[in-house]
Structure formats: C-alpha cells, structure tokens
Amino acid sequence: MAKGKIRAKIRRSQLYTFAFGKKSAQAGPHPVDGLGCSRVVHCNQPHMHRKKPIHYRSNYISTTKYTFLTFLPKSLHEQFHRVANLYFLAAAILSLTPLSPFSAVSMIAPLAFVVGLSMAKEGLEDWKRFMQDMNVNNRKVKFHKEEGIFDDKQWQQVEVGDVVKVEKDKFFPADLLLLSSSYEDGICYVETMNLDGETNLKVKRAMDVTLPFDEDEDFKNFTGMIKCEDPNPSLYTFVGNLEYDRQTYALEPGQILLRDSKLRNTAYVYGVVIFTGFDSKVMQNSTKSPSKRSRIEKKMDYIIYVLFSLLLVISLISSLAFALKIKFQMPDWWYMRPDDTEDFYNPKKPLVSGLSHLVTALILYGYLIPISLYVSIEVVKVLQASFINQDLLMYDDDTGIPAQARTSNLNEELGQVDTILSDKTGTLTCNQMDFLKCSIAGTAYGVRASEVERAAAQQMATDLDPEGRKPSASMKKGKQDIELETVVTSTDEKVNRRPIKFFSFEDGRMMEGNWRNEPNADMIMLFCRILAVCHTAIPELNEETGTYTYEAESPDEGAFLVAAREFGFEFYKRTQSSVFVRESYLASGPTEREYKILNLLEFTSKRKRMTVIVRDEDGQIILMCKGADSIIFDRLAKKGKMYLEDTTKHLNNYGEAGLRTLALAYRKLEESEYSAWNDEFMKAKTSIGSDRYAMLEKAAEMMEKDLILVGATAVEDKLQKGVPHCIDKLAQAGLKLWVLTGDKMETAINIGFACSLLREGMKQICITTLESDSKEAIKENILMQITNGSQMIKLEKDPYAAFALIIDGKTLAYALEEDTKFLFLGLAVDCASVICCRVSPKQKALVTRLVKQGTGRVTLGIGDGANDVGMIQEADIGVGISGVEGMQAVMASDFSVSQFRFLERLLVVHGHWCYKRIAQMVTISDCLHYFLLLYILTLVFRIQVCYFFYKNIAFGLTLFYFEAFTGFSGQSVYDDLYMILFNVVLTSMPVISLGVFEQDVSSDVCLEFPTLYQQGPRNLFFDWYRILGWMGNGLYSSIVIFVLNVIIFYDQAFRAEGQTTDMAILGTIMFTCIICAVNFQISLIMSHYTWIQHFLIWLSVLTWFLFLFVYGMLSPTYSKNVFQILTEALAPSPVYWTATLLVTIACTLPYLAHISLQRCFQPMDHHIIQEIKYLKKDEKDKVMWKREKTKAREKTKFGFTARVDAYIRSLRGRLHKKTHSLKSKDGNPS
C-alpha cells in the first residue's frame, strides 16, 4: 500500500509486446518544430494561455444550428429559401402600394403566420439540442486548483494546461496527456466506443518520468511544457514532446486520453489538458449541423416555378390587353375623364398602364402560388412527428426511452431511403459472444442450433410440406439419411438449466466433468486449459454471486473463459507474471494451478493469431496458440494434423451456421530451444528503428510453427435484440446496408457474418493497401484491385452469386480521392454488402457524402457514438441510437431510437405512411389551388374572346363591353373573404386529416409486405407524371365548374320574379361547387377512414353554408354584394342545389373512372392487398396469404432470409448427392 491507497500490482508492460513495449531510453524526442506542430501547452499553468499571442478555444461545445444572435437572420434565410415565401414577401411589399387589389393586412398576415410558425418550430427543436449540449457542458471534473488541492469544475470551464483527475467510469472532458494512474506502473483501461466503435478496452500507459505524481498533493509544484501537433482529426496519431526537469521526452498516441472516451477498471487517472472543445480530436471529426430539406420539399420548388411561370404568362396577357384597351379605347370613354386621370389610366402612357396592371395581376392571381400549402405541411409534419414519438411499439421497456422525431422536416424522407450507412458496435451488436459449439480431437460437441440453423430447418419443413401434412415415412428416411446434425437441438439438456451469460453450449458429454469419460479426455483437458490460459483478460470477483467476471480485450475471450469455467477450469487470478486456474472437475475437490507467463504474442489484424508461452507447475514449457483456422493450419507439424480433416469439416459446418470460429493448437518446448529463441525475441523487442516490428514478426514466426492441432471453437455473435430480423426486413424492402466501423477488419467481417451481411459462399472482395513507401505505387495497386473487382462481378454468370466489398480505413483514404472515388463507388454499388473497417469519423462522413452525391439516392446514417456524428449529419437522414453511452449521436440526429430494431418500423411503417400522405397531400393541395386559379384563368380567356369579338360585333352590345372592361380591371368574380377563407378554413382541415391519418394499408401489413416500401424510393406518388395528371384533373374540373355554371345560369331566370344571376350570385354558386367538388374528391382518395376525417370533411362543407348565412346577415356595409344572398337568392332556388350536385358529380367522374380501371387492369401492390383484406381472403385462405407474403419482398443477396436460402440450397445439394448415392447402391447387383 503506497501512501495509504490501494494499488494494483499488475505490470502489463511485459504482456503487450507489439503495441505497448517499453520505449528504449535511447529513443530521442520527436521533431516538432515547423508547420503543423506549433501548439505549446504550459502544464499546470492555464493562466499562461490567456496571454497574447497564445489563445486556445474554450471547452464549450455546441451541436445546435442556431445561436441567440444568429437565430433570427439564419432562420429567416432558411425560410426564404422557399420560393413561395420569397414570392409572397415581394407581394406583401407591393401590397403597400396603391396597385394592390387587396389590403396590405390580407397579404402580410398570412406570410407572417407561415414564416413565424416555421421559425417557432425550428427554434423549439434547436432549443432541445441546446439543452442536451448544456447537459454535457455542465458535467463536473476535478481539477488542480492550487497548493495540491483539487476542486470540481464544469467541463465548459476546463482550460488548456489544467491538471484534471478523472475517476472510474467517467468520460474524459478533453484530450489529455496521461500523467499517472491508480496502478503502480501508470496504466489505465479506456473504452473508446464513442470514438472508434470498439467496446473492448484499450490500455494506455503513462511515461515513467510522471509516475511519481500519483497523489493530489504531488501537483503542488508540478510544471512542464508540451510542444505538440496542432489540432487535427486523426484519432490514432499524436506527435509531441514533454519538457520536464530540463529533459525532453517523446510522447506517443498510447499516452493520450481522448475526449468522450471512458475510464474503465481504473480507480482514477491524472492528466494534463492538451486540446479543448472543438480542438479535441473527436470534435475535429464532427461537422457543422447542416440544414436538411426533403426531396419532396425541393421538388415543390420546381412545381412553384411552373406555377409561377403560368402566373407570369397570364399576368402578361392580362396587362397587355389592359394596355391596349387604355391606349385605343380609353380616349373614347369621356366619362372616365381621360384628359384628367392618373398615369395608370393615361392613354398617352399605355406602357405605364400595362406595367402597373402587371403588378396588380401578379398580386390578384397570386393564389396560384399556394402559401397555405406550407402551413398545412408544417402542421401535418408536426402531428406525424408526435405519432412517431408516441408509438408504443418503438418504446424500449428496458431503458424507458421512446422514439423521438427531433425534427419534423424529414418525415416523408423516411419513406424514400435507398441506402443505410450504419455503425457497428452499440448499433448492431451488443458486443456479446455466446459459446455454442466446439470441435475437440476430431469430435464435434454442442448440439444446440444456431439462429441460422433453426430458421433453415423451419423453412425446409415448410418447403417440403407447404400444406401442413404430416411427412411420409420415405420423407423421414430421406431426411435422416443426410447428416443434419447442425439442425438438431438437444432435448435432454434443457432440464431447467439456468441461463449463463456468454455460454449457450449444450452437450451432456462435456458438462459436469463427463468429458473425462470421452476417448480423448487428455486432449479435452488441454483444450480447456488453452481457453483458460491463452488470453489477456483480468478477473473481477462479484462478491454478491461469488463468481468471476472478466474484462477482456475482445468478447471472444470473455466467452472462452466462461466456457472454460463451466467445463471445470476457472481462471480466477492474474499477477504480474502468472495466471492461476482452479480446476474443479475432480470429485476430490478443486485444484489450483499456476502457469507462469514467459511471453505473450498478441493478436493483431495482420497476425490473426495470439500465442502465450507458459511454464506449468511441472516445469514444462508449453506454447498455446489460438487464431484463424487458415493461419493455424499452415503452421501445423506433420504429426499435428491427425484431426485436421474432421476439424475442417466441422469448421465448414459452423461457418454455414453463422458462427465465428477459431482454431486451437499447442506445442511443447525444450528449455534450450526456448532460451535461444527468447534471446532473439528480446533483442528484437528492445531494438530501435523502423524495422523493429518486422524483427518482432520474424521472431514470432520462428516460434509459431510445428504446432499440434487440438480443436476449434464456435461462438455466436449476439447482436442487439431484433437486429437480424430488422436487417432482413430492410433487405426485403429493397434497402442497401453499408457498415462503417472503427473495428479491426477481422471483427468487422465476423460481425458481417453475424448480422447476415456476409455468409458462406459469398465472394469477398477485400481491398487492402500495398506495403510500400511510394504513394503512387499504393494508389496504382488500389486502382487495380478496384478494376479487378468490378471485372469479376461483370463476368460472373451464377445468378445466385453474391459479392461483398471489404475495405479498411487506410485504403479508403486513397479510394476517396477525386480520381478514384467514383470507381470505388461503382464497385461498391454492384456488391450486395459493403463493410468499411478501421474508418475514422471523418471518413464515415466522406463515405456518406460520396454515396449521397454519387447515387443521387436518399441515404440514412445511424449510430450511437460521437464517432458517428459526422456520418449522421452528412446523411440525408440521421438517426441516433439513444443508448447508455454518450448522447452525442442523438444530439446531432434528426430522429432517435433506443434500439436498431426500431428502424424497421420507423422506415417500413412510418416512413411509408408519411411519404404517401405528404405526396398525396401536396398534389391534392395543388389541385385545390388549381381549381380556383384556373377558374379565374378561364374567365380571363372568355373575356378576352369577347374583347376580340368587339371589333366585329355591333356597338350596341354594351353589356359585353362592360364585362370585357371589368375583366381587365383586376376585379375578382369572388368576394375577397371567400378567397381568404378558401385556403385557411374551408379546404384545409380535410387535407390535413389526409396527411395525418391516411393509411393505404395497416402497420402489420407494411411489415408483412416490405416490398410496399419501394413505392417511396421509386417515387411512384410524386413524380411529374402524377403531378401533371393532377394538374390536368384540376384544369378539367375548373372548366367544368365554369362552363356548366355559365351555361346553366347565363340567360336563365334565377329567381321567381324572373331576375337572372349577377356576378355575386354566379361567383357564389361556382365557389359552392368548388367546395363540394374538392371535398368529395378527397373522400375518394382516402383509403383509411376515421371519425375525425368524416367529421372534418362534412364540417368543411357545412362551415361554408354557415359562413354564407352569417356573412349575408351582416349589414350591407360589411356584406356588400352578398347581403342575404343565401336566404333570399340561393337557398330558395332549386336550380342552385341541382347545379351544385351536377357539377360536383361531373368533376369527380374522371378520377372515379381512372381508379376503377386501374384497380381492374393495372392494380398497384397496395390495391391487391386492400382487396384481399376487404374480402378477408387472408383469413379464409392461409396458404394463399402466406404465398403472397413470400412473393412480396425484393430480391436480395444479404440478410437472414438470403442466408437461409443459401443454406437450404446447400442442404438440398447434399440431399441430392446422398439420394443419388443411395440409388446407385440400390441398383448395384451385388
């Protein structure tokens, strides 16, 4: 006990030969002078950095889009990116002039309401991000205040040069230089999941010179200076020197503790702050919060352009006609006093008249531009977001966290996703391995089936017996003839055995010491000892249960140690030089054995194996090795291949079953052989120079040979709950999935197999970097690999062939360069699966940008850590996993869920619904505005025809002249209040109900028929064909409304007294027809009715008549031409009601005919499903319903279903061979 504190006694420096070998004292400092290495940190003297010219960033971080100062200008800029808002801003300004046909309030108020509502929504969403940022900024950490006293300080107040003390299970507040830890030799364990996605612990080690600073009071007089690299995004490099006590010491990446990583299994560490806030490496990898707009919203801009062009054309025609009328006819209108009039009506200035009328026309016909559409969409999106937030089927009971739509701008974008780019650890996996099977001395143990095997067995049973009949005897015999041991699940092992974490093994031959009765008991004992000894884990005693848990560098090691314990070989203690195992398989009681560690050759992605050399209690030196089967098999001695054939067969079966495998081998060493080798190894370990690692590798190769094969392990990678099913459904929905992870290539590949991105038989295209000092040679080699991969795919003729692209971060850096990135993208798009490993956060963002821009499709980025923020922000849609670790990903996301499995419902259900709702809503709303505007447009053309007939018809047709004159005066046939209420009250609620409640099919059907999702990515409901079709429908309806009403009421008596209709009555009748027609049209479009929709549709119609009644009862001062128009003129007239019914039916007939013919002759997928559900055929004919569900999935080559299909093809191939072999034997006369 040094200074009264508990100190760990393990020195790990001897265990980490490659990565953490002690640096020789002869090694000099790094050259840090020059460009890119100008940072100077005064340790324990933060006040030095407040002086000029030194000024470093604060530790305050923000992920918001706005600040208090920038909210107003930036938000206004965002709002006026919308073309319609820009138009109405100009119209509102012009409404202040005498040229406006409407009052200024009627133009400014709607614009202010729309923009204000959108800005308030944006501000509220950003405020939530701000509050989450403040939760991080207000975290506390202990810092050296003065005189050896440490006090609490908020993260945002931490400064460069501060000495901080971070305790166990706390995050590091900034990038720190590790000075000392609670361990005597200055090591600490760090979890970097938020940075690189890996949950296995990393070991960091302080320099020897700072180890004495292990108590608070030791920092009373501590000073030093760090000269290092400038802020940069590289997570794996660091160059710098520490100047202390007149000496200069080189700093390495292994001594740097990065912000947002977490301290594990270490009581505390001391560190000095180097980089703060946005200078830290994790924040250097982040990007600014982008402003995202959905594709439908962007396309709406183009529709606005079309409508604005139409508006401009008719306004020009109107202004031209008005100018001609003023020039040629105004001088004859003496009663208009042409000799004393304003410039707007001056016959001598027809150009001024025309231009002034152009402004009036642009404002008058401005209802063509649907400003209320944006308000309606905003309201609908907010309500849709609330439905997502309240969906109980996306609520996680374990954490109590619901799904959250952090922005409602992108709801419909969820229904158009083409490619998902996902992090691995914490997103797909829970980083847990279950020991399931093993092969020892050529004998397979473990009878429990994997998930792939169980699914394949069920599918084969269904395929062989689709009608549910009992299998015949011949069928049973045929099945039994095949070795389907992999799909057999033990029954006698399920006798109430408590579940054991990391251990799902079932086989009575191995449990409770029964392995001693096996023929190869000595090899089984050696197998278990290798599991218990060959690792780098640390045991921790759980005092409540009395069992040991293990902190391992990889989840495999943890599963192996649990398996060894269950087999009777419990690893319970590690010291500086020994491993202790308690063997409790004997009836006489447990025996404790000590294995002295002589050397440890760690696992690397290049070596693909791990070796430990130990001395047992008998003095025998044993080399124990575990690694990839291909690596181990190549190093076997001739006498060590006794079980090679059987083990290879078992490994193939395990691989097909979706299990991760490792081979185990050993070798006994003579003392003299080991001593000679150890001298060479230590010489390589202590060497200085660039060839040090090559010398270590060469020394390892000398020892790792002539091995004897013992067996193999098979573990099942436990993905997060529901991940395989979710990925399978997304694959069936036609989505592509890329995995971008910071893990090693081997780990990434294993995860790919676990989540069925990869499978046995899938051809892997691994692009790696050539070992060369020439960048040109490396790049040329990568180009060649990409070209060869593309060629291989083109030449492939097997329809079932599937390719997977696997690339690491170093290679990706070259592949993302300008002249190669599109070649790389072309290859990646042709592959069924893409896995990018060892990628930095910056590379995740760059890959996402490449896919988004290169394919032009909608991308979705999903992750749970700070290392995923760039990817989440760069993608069209960012989804954060709100797990137990940091909230950085959630704070930067557009949507958040607590588990990856909820992504299925978020996309396939809510995404599908939101896309169709918004698409239909926009087209219908455009149609509503088209009804109104095209009536005005038709009226203008009619009056123009009358005007041109003027030259040829008698002068006496004064009424015609009067009408032609009024046509170009800017007067509307409708009352101003009608036009205001049309969008705000009379037609808005049914459209909003369509956008909120419409469901073409139920959520269950969406999940059962995932191919329905492709209606979104293919944009079947918002393409130009459909948009123009609805515009044509609007044109037809407007013509019908105008022509029929004019024909009916033109020269017919309307009242009992014989009066005909005037302009007010005609306009009110036409407006009634419009209200009824558009609401009836919406009722035909809806597939899913609720009482709310019924209520709102009928309420809209009823509101019109109530308004007409109340408005008409007002004094003529207010009601003007519509005074008592309903009670005195319209209601008593039967022709009014008859015409309304006739026109409404005529307007809706074409759409009714269209949908009837489409459902009969060219039905869409959801039409067929709707018919099946309506006729209840899904209940009457289960076989048909199941067949339809099987067909309703996109053809895919990844996912669980594709893997099961491949496995079934393999089993059927073996069945065919077995059957052929049996027939050959039966046909043999002998």
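It should be emphasised that the depicted structure is a prediction, and the values quoted were computed from it without experimental measurement.

The rules we used
- Residues numbered from 1 in each chain as written.
- Predicted model: local features only at pLDDT ≥ 70, side-chain atom pairs only at ≥ 80, totals over all residues.
- Heavy atoms only, no water.
- Helix = DSSP H or I, 4+ residues; strand = E, 2+ residues; numbered from the N terminus.
- Buried < 20%, exposed > 50% of the residue type's maximum accessible area, 1.4 Å probe, protein only.
- Axes fitted to C-alpha atoms, helices over the stretch in contact; angles between N-to-C directions.
- Left-handed = near helix turned anticlockwise from the far one by under 90°.
- Contact = heavy atoms within 4.5 Å.
- Pairing = 2+ DSSP bridges.
- Salt bridge = Lys/Arg side-chain N within 4 Å of Asp/Glu carboxyl O.
- Core = buried A, V, L, I, M, F, W, Y, C linked by side-chain atoms within 4.5 Å.
- Phe/Tyr/Trp six-rings, centres within 6.5 Å; stacked < 30°, edge-to-face > 60°.
- Expected span 1.5 Å × (residues − 1).
- Patch = residues over 30% accessible without salt bridge, like charges linked within 9 Å, V, L, I, M, F, W, Y side chains within 5 Å.
- Areas by Shrake-Rupley, 256 points an atom, 1.4 Å probe, with all protein chains shown as cover.

A. Here's a closer look at the overall build of the protein. Counting its regular elements, the protein contains 39 helices and 33 strands. Looking at the protein as a whole, 57% of its 1230 residues are labelled buried.

B. Seen up close, the packing of helix α19 (residues 775-795) against helix α21 (residues 821-830). Running from N to C, α19 and α21 cross one another at 35°; their axes reach a closest spacing of 10 Å. Classified by chirality, the crossing of α21 by α19 is left-handed. Contacts from Leu-783, Ile-786, Gly-789, Ser-790 and Ile-793 in α19 reach Leu-823, Phe-824, Leu-827 and Asp-830 in α21.

C. Quick look at the sheet that holds strand β29 (residues 803-808). If you walk across this open sheet you meet the nine strands as β14-β33-β32-β31-β15-β27-β30-β29-β28, and the pairing is mixed. Where the open sheet ends on each side, the last strands, each with one partner, are β14 (404-405) and β28 (763-767). Sheet topology places β14 next to strand β33 (residues 895-897); two bridges connect them, and they run antiparallel. Of the residues in β33, the one forming a bridge with Ala-405 is Phe-895. Each of β27 (736-740), β28, β29 and β30 (833-837) is contacted by α21, which is oriented at about 140° to β29, the strand it contacts most.

D. Examining the pattern of salt bridges more closely. On inspection of all chains with the given rule, the structure shows 44 salt bridges. Through salt bridges that share partners, Arg-609, Arg-635, Glu-697, Glu-701 and Glu-704 make up one connected network.

E. Spatial organisation of the nonpolar core. In this structure, Phe-435, Ile-440, Phe-503, Phe-505, Phe-567 and Phe-569 are the most contacted members of the largest nonpolar core, which totals 55 residues. Per element, the largest residue contribution to this core is ten residues, and it comes from helix α11 (residues 521-533). Residues Leu-410, Val-739, Ile-835 and Phe-900 belong to the second largest nonpolar core, which totals 51 residues.

F. Summary view of the packing of aromatic side chains. Per the counting criterion, the structure on display carries 33 aromatic pairs. Judged by centre distance (5.9 Å) and plane angle (50°), the ring pair of Phe-435 and Phe-505 falls under tilted. Of this pair, Phe-435 sits in strand β16 (residues 429-440) while Phe-505 is found in the loop between α10 (473-481) and α11, placing the two residues 70 residues apart along the sequence. Residues Phe-435 and Phe-505 agree in their burial class; the two are buried. Aromatic pair Tyr-674 and Trp-677: ring centres 6.2 Å apart, planes at 40°, arrangement tilted.

G. Representation of the environment of Lys-821. Topologically, Lys-821 is positioned in helix α21. For Lys-821, a relative accessible area of 16% translates into the label buried. Taking the C-alpha atoms as reference points, Lys-821 and Val-851, 30 residues apart in sequence, are found 9.9 Å from one another. Not counting the four nearest positions on each side in its chain, Lys-821 is found in contact with Ala-815, Leu-816 and Leu-850.

H. Looking closely at helix α32 (residues 1091-1113). For α32, with 23 residues, the first-to-last C-alpha span of 32 Å sits near the 33 Å given by 1.5 Å per residue. For α32, the full list of buried residues reads Gln-1093, Leu-1096, Ile-1097, Ser-1100, Val-1101, Trp-1104, Phe-1105, Phe-1107, Leu-1108, Tyr-1111 and Gly-1112.

I. Fine view of the sheet that holds strand β6 (residues 187-191). Taken together, three strands build an open sheet; the order of strands is β7-β6-β12 and the sheet is antiparallel. Edge strands, defined here as strands with exactly one partner in the open sheet, are β7 (202-205) and β12 (262-264). Pairs of neighbouring strands in the sheet enclose a mean axial angle of 45°, with direction left out of account. In the sheet, β6 pairs with β12 via three bridges, with the strands oriented antiparallel. Following the sheet pairing, Val-190 is matched in β12 by Leu-263.

J. Quick peek at a nonpolar patch on the surface. Together, Tyr-302, Tyr-305, Val-306, Trp-1024 and Leu-1028 give the surface a local cluster of nonpolar side chains, amounting to about 510 Å² of exposed area. When residues of the nonpolar patch are traced back to their parent elements, those giving at least two are α6 (295-328) and α30 (1024-1049). In terms of residue count, α6 provides more of the nonpolar patch than any other element does, three residues in total. Of note, Tyr-302 is situated in helix α6. For Tyr-302, a relative accessible area of 51% translates into the label exposed.

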